[in-house]
Amino acid sequence: MKNYRITVNGVAYDVSVEELGAGEAPAVSAPVVAAPKAPAKKAPAKAAGAEGSVKVNAPMPGKIVAVKVKAGDSVKKGDVVIVLEAMKMENEICAAQDGKIASVEVAVGDMVEGGDVLVSMN
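Keep in mind that this is a model prediction, so the values were computed, not measured.

Student: Tell me what's going on with the pattern of salt bridges, and back it up with residues and numbers.
Tutor: All told, the structure shown has two salt bridges when counted by the stated rule. Its salt-bridge partner being R5, residue D14 comes within 2.8 Å of it at the nearest N-O pair. Judged by relative accessible area, which is 54%, R5 ranks as exposed.

Laid out in structure tokens, this is it:
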């Protein structure tokens, strides 16, 4: 019996595979797959009650490779706030309007899903 970890669409599954000898018929049964393990997310450092009214969301799943702002920074529309790697490409996530960063919800190395809040601003 050999154990393998297979990742499908970012979800890891632990599976066991049994080698059969020559002339041995495979048993007919459903495969046993371990429940997917959700990747642990780091809790970002933010001030309590500092969440802003404007959210900057992840447009796609990926990995955070750079955080260009911190809470309290002033930004203009179009300024890069986060760099998100998806499908081996770096995508610059920009502020949708002028404002002040209220909180940063992610850190470098975090995996995010499409729609996750990256930054909030006022």
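Student: Please provide a residue-by-residue account of the side chain of E105, values included.
Tutor: Examined against the element boundaries, E105 turns out to sit in the loop between β8 (99-104) and β9 (111-112). Of the polar contacts made by the side chain of E105, one reaches the side chain of S103; its length is 2.6 Å.

Student: Give me the lowdown on the sheet that holds β9, citing residues and values where you can.
Tutor: As a general point, the strands of a sheet are linked pairwise by backbone hydrogen bonds and lie either parallel or antiparallel. Spatial strand order, β7-β6-β4-β9: four strands in an open sheet with antiparallel pairing. Each edge of the open sheet is held by one strand with a lone partner, namely β7 (89-94) and β9. Relative to strand β6 (residues 80-86), strand β4 (residues 62-67) is paired through four bridges, and the arrangement is antiparallel. Pairing of I64 across the sheet is with L84, part of β6.

Parameters at a glance
Residues numbered from 1 in each chain as written. Predicted model: local features only at pLDDT ≥ 70, side-chain atom pairs only at ≥ 80, totals over all residues. Heavy atoms only, no water. Salt bridge = Lys/Arg side-chain N within 4 Å of Asp/Glu carboxyl O. Buried < 20%, exposed > 50% of the residue type's maximum accessible area, 1.4 Å probe, protein only. Helix = DSSP H or I, 4+ residues; strand = E, 2+ residues; numbered from the N terminus. Polar contact = N/O pair within 3.5 Å; in protein donor to acceptor, adjacent residues only side chain to side chain. Pairing = 2+ DSSP bridges.

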